[in-house]
Structure formats: structure tokens, C-alpha cells
Amino acid sequence: MASQMTDNKTQDTVDITFEGKSISLPIVRGTENESAADISKLRSTSGLITLDPGYGNTGACQSAITFIDGEKGILRYRGYPIEQLAEHSTFLEVAWLLIKGELPTRADLALFSREIARHTMLHEDFRDFFGSLPKDAHPMPVCAATVGALATFYQEPESDRQIQNTVIRLLAKMPTIAAYSYKHSIGQAFMYPQNDLDYSANFLQMMFATPCEEYVVDPVISKAVDLLLILHADHEQNCSTSTVRMVGSSQANLFAGISAGISALWGPLHGGANQKVIEMLEQIAREEGSAEKFLNRARDKGDTTRLMGFGHRIYKNYDPRAAVLKKTCSQVINKLGTSSRLLEIAMKLEEIALRDEYFVSRKLYPNVDFYSGVIYKALGIPTNMFTVMFAMGRLPGWIAHFLEMRNDPDFRIGRPRQVYTGSKERPYVGMDRRS
Ligand code: CMC
């Protein structure tokens, strides 16, 4: 595993004064010149902690996996620009890159693909497991529960070798789990994986074939799915990845970490936004003139409505993944020979928002979820599966971060502190004296 984590402390310091005492904080600098004040000794030397709700200014770790410059709209996996990976790579190649740190050789990739293909099947007992869940369950908690349940089927202690097996099993079984969660929701028979198909084509086959009807995978569709997986593969310390790291920091196993990551991703402010975007576009399509009405609500401080698929904690410029997806959307829709009213509405909304003072002044641009749903829809992926597609894509990123954390010499259990604002000490009041 390539590790580029070094001691990046510089000679520079930042000084703060507290209760008349000066405290010097060392400055740590990353390879792209990002600077951080190291506060790891702050509490023990001064009694102070830092307060940063939502962690917008807190670096929880040093990481060599993904670089984002949100001001310039840059995203790179292991140094490679997302646009180049999107154009030339495949999802499994990107998964290897994220997890191992370097692009695979042809032989590496062939072996990796073969190993993954060998582990795509789920234990037959999972049929009963799925059968015990309600039919109308959303596929996201079904996937989270299934990945968590894998830990009950593979209970070996987590040695280095074992963790590598877990990595292969997770990558191999995730498309099967995703497709089964969909088949369960529509009451159709589960389709076994076909290991002569590539990763994305195999997933599509398990989703759409039935025992009575073969499904011939359209290469335009499987290539588009592969691209979507690549674009979602990592995004440094986002909510779900931080969750995976947090769970793993207690030395819980990788299955537990990934299951928690899937749960965190489900929320509408994170991966769940892609489903919400389509629901928003469909509502606008149904109600003539509702785009302006929707934007008015999104701008209104008294209304909790947000323009879904817009805005990002890190990007204060166009999300580079959204740029690739916008282009791909038109190409895929043209190649499939369909038209998309939803794409037209999305483009119109974007055009209005990017000229609107509210969105411009807050630097709110389309994020990855704004166009991904339109493509999924055009490819025939059901709406409640959109966030599951995101989870399939994000899996190698989660794995890479989990392993990086475990190999970090500074690795400690994650345990933030707090500023307590509750009652001061008070004596217990007996039941008969309570009003
Ligand atoms: N529509 C309307 N107003 C917005 C939006 C939006 N989509 N996003 C942010 N704002 C406003 C927000 O009300 C605030 O205004 P003010 O300064 O007047 O109080 C300002 O912009 C800053 O927003 P914030 O909530 O402080 O920003 P954040 O960094 O905490 O939240 C976000 C980031 C992604 C949760 C948020 O932009 C949002 O809710 N977007 C819609 C949901 C969405 O598309 N999520 C997918 C994120 S990308 C995929 C992923 O990584 O999961």
C-alpha cells in the first residue's frame, strides 16, 4: 500500500494568547500547500479546545488519497484529475488506484478483476434475510443491513490478509446486494451474477434480467454506469467517509464501517440528494411555472426548501463532477435516442440560479447530484436506487480511507470533545417534591 503520509510539520507557527499566556501552534503543510494549525497539544498545554460545528475548519487527519480545491473546482484521486480518469479509466482501475495508491499494471488489473468476479455471489441464506424485510423498504437501509450482516458470515479475526479478503468481498458483493435490494422491492427473483460480464454490465444484468427474459446489456448504458461510479468513487472527508473512519477508529471491522457509511450517505443533504433532485424536477414538470415558485421558496429564509443538487461545503465554484455529468447527460440521451424533459428543466433551473443574486452571492453551483439523477433516469435506473448507485461508487473511497486510517502511525480512536451548556451540579429531587 502506498503511503505518502509524512511528518509535514514546518518551522512556521501560529501564536494565540489565552489568559495572558502565549501558545504556539505548529503549522502543518500539505503537498498542495494547504496549511493547518496543529492543535493536537492545545488542550494539554492550555486547557483550551476548539469549537467547530459541522467541522468546516477541522482537519481530522492527514490523507494522501484525494485532493480538492473547492475555490478552483479541482478534484484529483491520488494526483490524477477526475476529468482524465472519467475519460480514460474504468471503475475497477480507479478502485485499485484509490485503495493501493498507484494505477494498476495490466496484470494487476486482470488479477484484481478475476478475484472480484470470483466473489460476486451472496451466501444462499441471504435469500431468507431479504425475505424477512418489508417489500416497501427503501434499498438504502436494506443495503446497509446486508453489508452489516456480511460480518456475521465472515467472522475471521481482522488480520492484514483477512482485511484484503474483506476488501475483495465488499467490492464483489456490493453490486449483487444492490441488485437484490431492488429485486426484493419489486418482488422479482434474484438473478445470479454472470462473471464473464464486466463490473457495471454484471450489475445491470442482475437488476434487469429475469428468469424468463434475458437482458442484453447495452454498452452505452454500462459505460455510462461505469463513469458514474468513477465520478462518485471518493471525495475526501465527507460525511459518510468520516463516518467510516469514525466507526473504524474503534477497531470495529470494515463491514461495520461500510454499513455505517451507507447509512450516513442516505441523508438528503448527502447522497440522498440525487433522489430528491429528480423528485424536485418531476414536480416542476408536473406543475407548469413551478420552477420560479421553487426558486422563490429556496431563497426564502423562512422556508426550509432548498434547491436540491445545488451548493456544497467545499466547492465555491462549479463542482467538476457536475461539469462532466452535464456533458455526459446530453451525450447519453442523444445516443439512447430519447428526449429528456427533466434535463431541459434542470438546465433551465441552473441557468436561472447562476444569474440569481441569492445563489451567486453564496457561491452555490450545481453539485454532483444535480445531473446524476437525470442520467440514471435516462438509463432506466429506478429513482429509489439512485443513492444506492452513489454507495456502489463510493465504496472504494470508503475502503481506501479505512485502510489509510488503520495504517496511520497517529491513528487514535475518534473522540471529539464538547462545550457543555447544560445545568450546573444540582441535588437530586425526590418524586414527591417535583412540581
Ligand atoms: N438552496 C438554497 N440555499 C442554499 C442551498 C440550496 N441548495 N445550499 C446552501 N444554501 C444557502 C444556505 O441557506 C446558507 O444561506 P445563509 O448564508 O443566508 O444562511 C448558505 O447558502 C450557506 O449554506 P450552508 O447550509 O451553510 O452550507 P453547508 O456547507 O453547511 O451545506 C449542503 C452544504 C450541500 C448541505 C447545502 O448546500 C445543501 O443543503 N444543498 C442541497 C442538498 C444537496 O444537494 N446535497 C448534495 C451535496 S453534494 C453530494 C455529496 O457529497 O453528498
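Just so it is clear, the model here is predicted, and its values are computed rather than measured.

Calculation notes
- Residues numbered from 1 in each chain as written.
- Predicted model: local features only at pLDDT ≥ 70, side-chain atom pairs only at ≥ 80, totals over all residues.
- Heavy atoms only, no water.
- Helix = DSSP H or I, 4+ residues; strand = E, 2+ residues; numbered from the N terminus.
- Rg over C-alpha atoms; globule rule 2.2 N^0.38 Å.
- Contact = heavy atoms within 4.5 Å.
- Areas by Shrake-Rupley, 256 points an atom, 1.4 Å probe, with all protein chains shown as cover.
- Lys, Arg positive; Asp, Glu negative; His and termini not counted.
- Charge placed at Lys NZ, Arg CZ, Asp CG, Glu CD.
- Buried < 20%, exposed > 50% of the residue type's maximum accessible area, 1.4 Å probe, protein only.
- Polar contact = N/O pair within 3.5 Å; in protein donor to acceptor, adjacent residues only side chain to side chain.
- Pairing = 2+ DSSP bridges.
- Expected span 1.5 Å × (residues − 1).
- Axes fitted to C-alpha atoms, helices over the stretch in contact; angles between N-to-C directions.
- Parallel < 35°, antiparallel > 145°, perpendicular 65-115°, else oblique.
- Left-handed = near helix turned anticlockwise from the far one by under 90°.
- Nonpolar A, V, L, I, M, F, W, Y, C, P; charged D, E, K, R; others polar.
- Domains from an automatic or database assignment.
- Salt bridge = Lys/Arg side-chain N within 4 Å of Asp/Glu carboxyl O.
- Phe/Tyr/Trp six-rings, centres within 6.5 Å; stacked < 30°, edge-to-face > 60°.
- Lys NZ or Arg CZ within 6 Å of the ring centre and 35° of its normal.
- Near = heavy atom within 4 Å.

Moving on: the overall build of the chain. Looking only at helices and strands, one finds 18 helices and 6 strands in the chain. Since a compact globule built from 435 residues should have a radius of gyration of about 22 Å, the 24 Å found for the chain is in line with a globular shape. For the chain, the C-alpha atoms occupy an extent of roughly 75 × 65 × 55 Å along the three principal directions. A separation of at least 24 residues holds for 69% of the contacts in the chain among residues at least 6 apart in sequence. By element, 51% of the accessible surface of the chain is carried by carbon and sulfur atoms, the whole surface being about 22,500 Å². Between the mean site of the 48 positive side-chain charges and the mean site of the 50 negative ones, the chain shows a separation of 4 Å.

This part is about the side chain of His232. Looking at the secondary structure, you find His232 in helix H9 (residues 219-232). The class for His232 is buried, based on a relative accessible area of 0%. A polar contact of 2.7 Å, which involves the side chain of His232, links it to the backbone oxygen of Leu228.

This brings us to the pairing of strand E1 (residues 9-18). Alignment of E1 against strand E2 (residues 21-29), held across 7 bridges, turns out to be antiparallel. Looking across to E2, one finds that Val14 is bridged to Leu25. Here E1 hands over to E2 after 2 residues, with Glu19 in that stretch at a positive phi of 50 degrees.

Counted at 1.5 Å a residue, the expected span for helix H12 (residues 273-286) with its 14 residues is 20 Å, and the 20 Å between its end C-alpha atoms agrees. Among the residues of H12, those classed as buried are Ala273, Asn274, Gln275, Val277, Ile278, Met280, Leu281 and Ile284. Considering only its buried residues, H12 is in contact with helix H13 (290-299), helix H15 (341-353), helix H17 (368-379) and helix H18 (386-406).

What follows is about the packing of helix H6 (residues 139-153) against helix H7 (residues 160-186). Between two packed helices, the angle of one axis relative to the other and the distance separating the axes together describe the packing. Relative orientation of the contacting elements H6 and H7 amounts to 140 degrees, with a least axis distance of 9 Å. As the angle between them shows, H6 and H7 are arranged oblique. Here the hand of the crossing between H6 and H7 comes out right-handed. Only Leu170, Lys173, Met174, Ile177, Ala178 and Ser181 of H7 make contact with H6, whose side of the interface consists of Pro139, Val142, Cys143, Thr146, Val147 and Leu150. Residues belonging to the contact of H6 with H7 are distributed by class as follows: 9 nonpolar, 2 polar and 1 charged.

Quick look at the side chain of Thr166 now. By the element assignment, Thr166 lies in helix H7. Aside from chain neighbours lying at most four places away, what touches Thr166 is Leu254 and Phe255.

Within a sheet, adjacent strands bond to each other through the backbone by hydrogen bonds, running parallel or antiparallel. With antiparallel pairing, 3 strands are arranged side by side in an open sheet as E4-E5-E6. Two strands lie at the open edges of the sheet, namely strand E4 (66-69) and strand E6 (80-81), each paired on one side alone. In the sheet, strand E5 (residues 74-77) pairs with E6 via 2 bridges, with the strands oriented antiparallel. Within E6, the position partnered with Arg76 by the bridge is Pro81.

Further remarks concern unusual backbone geometry. We note that Asn33 has phi near 70 degrees; this positive angle belongs to a residue other than glycine. Mapped onto the fold, Asn33 is located in the loop between E2 and strand E3 (35-37). Accessibility expressed as a relative area gives 57% for Asn33, which makes it exposed. The phi dihedral of Glu236 falls on the positive side, at around 40 degrees, and the residue is not glycine. Residue position: Glu236 is located in the loop between H9 and helix H10 (239-249).

We note that the domain assignment places domain 1 (2-50) and domain 2 (65-408) within the chain. Relative to domain 2, the C-alpha centre of domain 1 lies at a distance of 35 Å. Counting the contacts that link domain 1 with domain 2 gives 1 salt bridge. Taking the shortest distance from any N to any O, the salt bridge between Arg76 and Glu32 comes out at 2.8 Å. In this structure, the connection of domain 1 to domain 2 is made through 1 residue pair in polar contact (both at pLDDT 80 or more). Split into classes, the residues belonging to the side of domain 1 that touches domain 2 amount to 2 nonpolar, no polar and 2 charged.

Time to look at the packing of aromatic side chains. Throughout the structure, instances matching the rule amount to 17 aromatic pairs. The interplanar angle of 45 degrees and the centroid separation of 5.4 Å between the aromatic rings of Phe208 and Tyr215 together place this pair among those described as tilted. Positioned over the ring face of Trp96 is Lys100, at 4.9 Å from the centre of the ring. The cationic tip of Arg362 hangs over the ring face of Tyr358; the distance from NZ or CZ to the ring centre is 3.9 Å.

Take the pattern of salt bridges next. Summed over the entire model, instances satisfying the criterion amount to 17 salt bridges. Salt-bridge contacts for Arg299 lead to Glu292; the nearest nitrogen and oxygen are separated by 3.4 Å. The network of salt bridges with shared partners includes Glu292, Arg299 and Asp356.

Around the ligand lies a shell of 21 residues, among which His270, Lys301, Arg306, Leu307 and Arg313 are the nearest. At a separation of 3.0 Å, a nitrogen atom of the ligand approaches a polar backbone atom of Leu269. Between the ligand and His270 there is a distance of 2.4 Å, counted from an oxygen atom to a side-chain nitrogen or oxygen. Look at the ligand: alone it shows 940 Å² of surface, and the protein chains cover 77% of it. Class assignment for the residues of the shell around the ligand results in 10 nonpolar, 6 polar and 5 charged.

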